[in-house]
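Report on the structure
These are the residues of each chain, in order.
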Amino acid sequence: MTKDPDRQRRLLEGPVGNTLVRLTLPMMVGIAAILFFNIVDTFWVGQLGPHELAAMGFTFPVAMVVTNMTIGISIGATAVIARALGQGQDDRVKRLTTDSLILAVLLVVTVSAIGIATVDPLFSLLGADAETLPLIREYMIPWYAGVGLLVIPMVGNGAIRASGDTKTPSFVMVAAGLGNACLDPLLIFGWGPVPAMGLRGAAYATVGSYTLAMIVAFYVLGKREKMLSFELPGFAAVLASWKAILRIGLPAAGTNLLTPVAAGAVTRLVSDYGPHAVAAFGVGTRVEGLSMIGVFAMTAAITPFVGQNLGARNGGRIQETLRFVVKLSLGWGLGAAVLLALVADPLARIFNDDPEVIAQTKLFLRIVPISYAAFGIAILVASVFNALDQPLKATVLALFRLIVLAVPLAWLGSELYGLAGLFAGIGVANLISGAVAGLYARREVRDVARELTPTPVPAE
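What you see is a predicted model, and the numbers here were worked out from it, not measured in a lab.

Our next topic: the nonpolar core. Within the largest apolar cluster, 120 residues are counted, with the highest numbers of intra-cluster contacts made by Ile 81, Phe 123 and Trp 143. Per-element tally for this core: the top contributor is helix α3 (residues 50-86), with 16 residues. Core analysis: the second largest hydrophobic core is formed by seven residues, Ile 31, Met 173, Ala 297 and Ala 300 among them.

Encoded structure:
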């Protein structure tokens, strides 16, 4: 299947740490592009005023629902495709890749239609007031209408990563991010014959970047990698593919959906402190994404690496993977916490010049990042379980972190110590869940390794 015969050999035989880093570095570039240009999005919207920035803050958890549903399908596709590659089943790889795209499109289009019909009641439930709600509607209607274009590059990138190629998905992400950054100021503020569209322009810029990414990803999958099947399959074959993908994809999507659900609940708690606090929370969560980029990129590398080694029955390499990613998370998370504490003030001033928004953004950046090392362990362990075809364990751990701990502790902290206590509650939830996830994964991965009997990799 792969045009690079050394690619699979590196995943199955190369040094674990070095190979994971090689897979992670290109993904860091791609994720950095997306996150950086999301921050650029926030910057330009912030120039419109604090109410527009607050409106974007409200849209964050809802946008995450649709995006994370697609990510769940992508995780399922990556895991089963990687395992099929590890087992040398090239025809099955094509069938799984094609069917995963069809499935994701159907699901996201359905969710988007429901979203358009429920904008007002949903965001009212999240705490949006009469002044903010029209701004939210202005952004979300075009966003919902175009988000289906996001499906092919996201799921397609997962299929490409399954083969051990993380450079191409990174290129697709950079192209999308660059397109979004160029369109943002043009469509938000207008230039020449292009009228100023405000928040609606930010949504159109996002949809435009999705379109660019879709074109690139579809070309790579169909033309270069030959990972798509253009044969008309029987319904039973498609159903078999969907069943395999959804076995991992549904729990993974559920795990991912817990994040925006919890974020929505926390946003509701933050909204009690006013639109400035919501704006600050939105800025903080976007900065969080950029500061944890190394860990997020590693989650993308784990699934193809562990998936192929599971298919090849290399249990010892899977154990070594877990040890490596825990160490990486500890180092990265502690470094991010120190850096954000040092630059909190100038960083907060980049996004908005309102003194209240600045003060509350600084508060977030000096409290929540203390827990980033443990937070990283929790999400990396989830990726390991998904790749091992044990997605329900990842879901249970996410449920424990977000619903059992984060929301109640944020509420309790808010009741006791105000907004600072709310942010501290989020941090404590991360610390507890990271410790539990690390200890649990060590035991479970050890048991998996004992069950696997290594077999030699077939010669190319």
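Counted by the stated rule, this structure contains nine salt bridges. Residues Asp 345 and Lys 362 are paired through a salt bridge, measuring 3.0 Å at the closest nitrogen-oxygen approach. With Asp 345 in helix α13 (residues 315-351) and Lys 362 in helix α14 (residues 355-367), this residue pair connects regions lying 17 residues apart in the sequence. A salt bridge links Lys 393 to Glu 444, with the nearest nitrogen and oxygen atoms 2.5 Å apart. A residue is classified by how much of its surface remains accessible, and Lys 393, at 23% relative accessible area, is partly exposed.

Here we come to helix α11 (residues 275-291). For α11, which comprises 17 residues, the first-to-last C-alpha distance of 24 Å matches the rise-based estimate of 24 Å (1.5 Å per residue) to within 8%. Burial runs high along α11: 14 of the 17 residues are buried.

Side chains of Val 261, Leu 399, Ile 403 and Val 404 sit close together on the surface and give an oily, nonpolar patch of about 310 Å² of accessible area. With three residues, the top contributor of residues to the nonpolar patch is helix α16 (residues 391-451). Relative to the assigned elements, Val 261 resides in helix α10 (residues 235-271). Classification of Val 261 as partly exposed rests on a relative accessible area of 48%.

A word on the packing of helix α6 (residues 133-146) against helix α9 (residues 199-224). Taken N-terminus to C-terminus, the directions of α6 and α9 make an angle of 15 degrees; their axes are 8 Å apart at the nearest point. One element, α6, and the other, α9, form an angle in the roughly parallel class. When the axes of α6 and α9 are compared, the crossing they make is right-handed. Counting all contacts with α6, which are made through Leu 135, Glu 138, Tyr 139, Pro 142, Trp 143 and Gly 146, the residues of α9 involved are Leu 199, Arg 200, Ala 202, Ala 203, Tyr 204, Thr 206, Val 207 and Tyr 210.

So, how was this worked out
Residues numbered from 1 in each chain as written. Predicted model: local features only at pLDDT ≥ 70, side-chain atom pairs only at ≥ 80, totals over all residues. Heavy atoms only, no water. Core = buried A, V, L, I, M, F, W, Y, C linked by side-chain atoms within 4.5 Å. Buried < 20%, exposed > 50% of the residue type's maximum accessible area, 1.4 Å probe, protein only. Helix = DSSP H or I, 4+ residues; strand = E, 2+ residues; numbered from the N terminus. Salt bridge = Lys/Arg side-chain N within 4 Å of Asp/Glu carboxyl O. Expected span 1.5 Å × (residues − 1). Patch = residues over 30% accessible without salt bridge, like charges linked within 9 Å, V, L, I, M, F, W, Y side chains within 5 Å. Areas by Shrake-Rupley, 256 points an atom, 1.4 Å probe, with all protein chains shown as cover. Axes fitted to C-alpha atoms, helices over the stretch in contact; angles between N-to-C directions. Parallel < 35°, antiparallel > 145°, perpendicular 65-115°, else oblique. Left-handed = near helix turned anticlockwise from the far one by under 90°. Contact = heavy atoms within 4.5 Å.

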